[in-house]
Amino acid sequence: EDKVVQSPLSLVVHEGDTVTLNCSYEVTNFRSLLWYKQEKKAPTFLFMLTSSGIEKKSGRLSSILDKKELFSILNITATQTGDSAIYLCAVRYPINTGTASKLTFGTGTRLQVTL
Amino acid sequence: DTEVTQTPKHLVMGMTNKKSLKCEQHMGHRAMYWYKQKAKKPPELMFVYSYEKLSINESVPSRFSPECPNSSLLNLHLHALQPEDSALYLCASSPDRGLNTEAFFGQGTRLTVV
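Residues numbered from 1 in each chain as written. Chains lettered and ligands numbered in written order. Predicted model: local features only at pLDDT ≥ 70, side-chain atom pairs only at ≥ 80, totals over all residues. Heavy atoms only, no water.

Draft legend 1. View of the overall build of chain A. A tally of helices and strands in chain A yields 0 helices and 11 strands. Ordered by position in the sequence, the α and β elements of chain A form the string β-β-β-β-β-β-β-β-β-β-β. In terms of C-alpha radius of gyration, chain A reaches 14 Å, essentially the compact-globule figure of 13 Å for 115 residues. By principal-axis analysis of the C-alpha atoms, chain A measures approximately 50 × 30 × 20 Å. Out of the 115 residues belonging to chain A, those deemed buried represent 47%. In chain A, 55% of the contacts between residues at least 6 apart in sequence involve partners at least 24 apart. As displayed, chain A has an accessible area near 5,500 Å², and 50% of this comes from carbon and sulfur atoms. Computed over 13 positive and 10 negative side-chain charges, the separation of the two mean positions in chain A equals 7 Å. (Helix = DSSP H or I, 4+ residues; strand = E, 2+ residues; numbered from the N terminus. Rg over C-alpha atoms; globule rule 2.2 N^0.38 Å. Buried < 20%, exposed > 50% of the residue type's maximum accessible area, 1.4 Å probe, protein only. Contact = heavy atoms within 4.5 Å. Areas by Shrake-Rupley, 256 points an atom, 1.4 Å probe, with all protein chains shown as cover. Lys, Arg positive; Asp, Glu negative; His and termini not counted. Charge placed at Lys NZ, Arg CZ, Asp CG, Glu CD.)

Draft legend 2. Local environment of the state of the cysteines. Counted according to the given criterion, the structure contains 2 disulfides over all chains. The disulfide partner of Cys23(A) is Cys89(A), and the gap between their sulfur atoms is 1.9 Å. Taking the sign of the S-S torsion, 65 degrees for the link of Cys23(A) and Cys89(A), the bridge is right-handed. Of this pair, Cys23(A) sits in strand 3 (residues 19-26) while Cys89(A) sits in strand 9 (residues 85-94), placing them 66 residues apart in sequence. For the pair Cys23(A) and Cys89(A), a shared accessibility class is recorded, and that class is buried. Between the sulfur atoms of Cys23(B) and its disulfide mate Cys91(B) the distance is 1.9 Å. (Disulfide = S-S within 2.5 Å.)

Draft legend 3. Seen up close, unusual backbone geometry. Residue Pro8(A) is reached from Ser7(A) by a cis peptide bond, and omega for that bond is -10 degrees. Within the secondary structure, Pro8(A) sits in the loop between strand 1 (3-7) and strand 2 (10-14). For Lys40(B), which is not glycine, the phi dihedral falls at a positive 65 degrees. Locating Lys40(B) in the fold gives a position in the loop between strand 4 (31-37) and strand 5 (44-50). Positive phi is not limited to glycine here, since Ala80(B) has a value of about 55 degrees. Assessed through its relative accessible area of 31%, Ala80(B) is described here as partly exposed.

Draft legend 4. Local environment of the sheet that holds strand 7 (residues 64-70) of chain B. Residue and element names in this part refer to chain B. Taken in spatial order, the 4 strands of this open sheet run 1-3-8-7, and their pairing is antiparallel. Single-partner strands in this sheet number two, and they are strand 1 (4-7) and strand 7. Each strand of the sheet is rotated relative to its neighbour by a mean of 20 degrees, with strand direction disregarded. Here strand 3 (residues 18-25) runs beside strand 8 (residues 73-79); their pairing, made up of 7 bridges, is antiparallel. Bridge assignment links Lys 18 to a residue of strand 8, and that residue is His 79. (Pairing = 2+ DSSP bridges. Axes fitted to C-alpha atoms, helices over the stretch in contact; angles between N-to-C directions.)

Draft legend 5. Inspection of the environment of Ala103(B) at higher detail. Tracing the backbone shows Ala103(B) in the loop between strand 9 (87-94) and strand 10 (104-105). A residue is classified by how much of its surface remains accessible, and Ala103(B), at 0% relative accessible area, is buried. The spacing of Ala103(B) and His29(B) is 74 residues in sequence and 9.4 Å in space, taken between C-alpha atoms. Look past the residues within four positions of Ala103(B) in its chain and what remains in contact with it is Leu34(A), Tyr36(A), Phe45(A), Arg92(A), Leu103(A), Ser93(B) and Ser94(B).

Draft legend 6. Inspection of the interface of chain B and chain A at higher detail. Opposite the 30 residues of chain B that make contact, chain A presents 26 residues. For the pair chain B and chain A, the summed buried area comes to about 2,200 Å², and 59% of that belongs to carbon and sulfur atoms. One can count 1 salt bridge joining chain B with chain A. The closest approach of N and O atoms between Glu58(B) and Lys102(A), which form a salt bridge, is 2.7 Å. Counting the contacts that link chain B with chain A gives 6 residue pairs in polar contact (both at pLDDT 80 or more). Looking at the side of chain B that touches chain A, the elements with two or more residues in it are strand 4, strand 5, strand 6 (53-57), strand 9 and strand 10 of chain B. Within the side of chain B that touches chain A, the residues separate by chemical class into 13 nonpolar, 11 polar and 6 charged. (Buried area = accessible area lost by both parts, 1.4 Å probe. Salt bridge = Lys/Arg side-chain N within 4 Å of Asp/Glu carboxyl O. Polar contact = N/O pair within 3.5 Å; in protein donor to acceptor, adjacent residues only side chain to side chain. Nonpolar A, V, L, I, M, F, W, Y, C, P; charged D, E, K, R; others polar.)

So, in structure tokens, the structure goes:
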């Protein structure tokens, strides 16, 4: 059965700390892995990863994919209270030839950054 | 512009009501999705439309009926819902069949069934 697992489930850190969030997956015909940040409502797109070993970076956030070991990490350096949110990873894969792909989410990591 | 617009933002409906959720995007995306998210859970896929055709139905009960009138619009018609259907309903879109493309989400409709 296809699955996407994130760890830790929740995390509390102090402002300024660096955090690493993990996402592992087991899916057939993997195509891409996406990271999202969810605060109150809509998940906000952060990164899409398709190739192993190529780091994607945006400000204090970065992410990398390992397609051999089937996982991705999301790093946040110098955390701020505004980084408090649920971080979701999602894996995209086709179901059948000619159909649209599925985007299946992991359980999420709830990050709380305190002063 | 990466905006997906959902209406209404909040909806309270009785178990005998019929209502519809709407989703709109003007990014030229050809794949659109409905997700259901319960509190403290990740979004769960309900339906996928690709080029206005229903491509994936994740065994969703028939009281949820999707419709894609054109490439910019996606509706979810609701009828005879149960209280356990109360959740955040999220719409998303991506450029094409979307194997290596981003997916963008709307703000969601928070549905309460009473």
